[in-house]
Amino acid sequence: MMVSVYCIALKRHYPPEKKAGIQEFFVSLKEAIWALLMIVIIMGGIFGGFFTATEAACVAVFYALLVGIFIYKELKISDLGKIFEDSAKTSAGIMFCVATTNILAWLMTNQQIPMKVASVLGSSINSKILMLIMVNIIFLVLGTFLDSTPAIILAVPILLPLVQQYGVNPVHFGIITTVNLAIGMSTPPVGITLFVSSSISETPLTKMVRFMLPIWAVMIAILLVITYIPQISMLLPAMFG
């Protein structure tokens, strides 16, 4: 992804930032230390068992407020009303998307669509390569219409036993699922990250989609590498297992 972004920046002649020297680096590091501590608080809190990922978001917001007001002093108490208003608008758009995807998930469950698809796959595919291709296609399609949570609840319990028949490690399957749905979060019509980016940058979705095409191509290529070369994605789990 870094290479693709670098190539796009060169092609579009984005102006490079001035290269920082050693002294500038440490000055910037000193100024950014309070912001960087947020990562430590979030990851340390989650892995330390102090709070869940959702609770970590609340802690991070509260920490950012304190740092912004009392340390960096870039925020004022009088700014909070506008900040909360903008946050409410962004959150409302996101939650509307999530709500509609939950309705679709209920409809698919009611009509037993996942079970029917799994039945067809189990009876007609006898190759691990083809099975993984179909799993990727299913998750990519689901990711364009559903939020990650309902997509996981719908598909994983049905597809996991199928791929395990071909010797696919459950952790590897989980990584494949996560990458697929991460791609889905940036693809219309229900691309949550697209809506957030559009809201923050005030750029129309139609304009953003055109520039996303090369990024999507790279993400699909990465997905295929993760799918068919499990040693890459299983390296860290093997080290800590």
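Quick caveat: nothing in here was measured; it's all calculated off a predicted structure.

Counting its regular elements, the protein chain contains twelve helices and zero strands. Taken from N to C terminus, the helices and strands of the protein chain fall in the order α-α-α-α-α-α-α-α-α-α-α-α. Referenced to the eigenvectors of the C-alpha coordinate spread, the extents of the protein chain come out at roughly 65 × 45 × 40 Å. Considering the protein chain as a whole, with its 241 residues, one finds that 28% of them fall into the buried category. Accessible surface, the protein chain: about 16000 Å² in total, of which carbon and sulfur atoms supply 73%. Distance between charge centroids for the protein chain: 10 Å, based on 13 positive and 10 negative side chains.

This next bit is on helix H5 (residues 113-124). With twelve residues, H5 extends 17 Å from end C-alpha to end C-alpha; this agrees with the ideal 16 Å at 1.5 Å per step. For H5, the set of buried residues is Pro-114, Ala-118 and Leu-121. Looking straight down H5, one finds that the buried residues subtend no more than 65° of arc, so they occupy a single side. Every exposed residue of H5 that faces more than 90 degrees away from the buried side is listed here: Val-120, Ser-123 and Ser-124.

Here the focus is the nonpolar core. Counting residues in hydrophobic clusters, the biggest one holds 35 residues, and the most contacted among them are Leu-121, Met-131, Phe-139, Leu-142, Leu-146, Leu-159 and Phe-173. Here this core gets eight residues from one element, more than from any other, and that element is helix H7 (residues 148-164). Those residues in contact with Met-131, other than ones at most four positions away along the chain, are Leu-121, Ile-125, Leu-162, Val-163 and Tyr-166.

Calculation criteria
Residues numbered from 1 in each chain as written. Predicted model: local features only at pLDDT ≥ 70, side-chain atom pairs only at ≥ 80, totals over all residues. Heavy atoms only, no water. Helix = DSSP H or I, 4+ residues; strand = E, 2+ residues; numbered from the N terminus. Buried < 20%, exposed > 50% of the residue type's maximum accessible area, 1.4 Å probe, protein only. Areas by Shrake-Rupley, 256 points an atom, 1.4 Å probe, with all protein chains shown as cover. Lys, Arg positive; Asp, Glu negative; His and termini not counted. Charge placed at Lys NZ, Arg CZ, Asp CG, Glu CD. Expected span 1.5 Å × (residues − 1). Arc of directions from axis to C-beta. Core = buried A, V, L, I, M, F, W, Y, C linked by side-chain atoms within 4.5 Å. Contact = heavy atoms within 4.5 Å.

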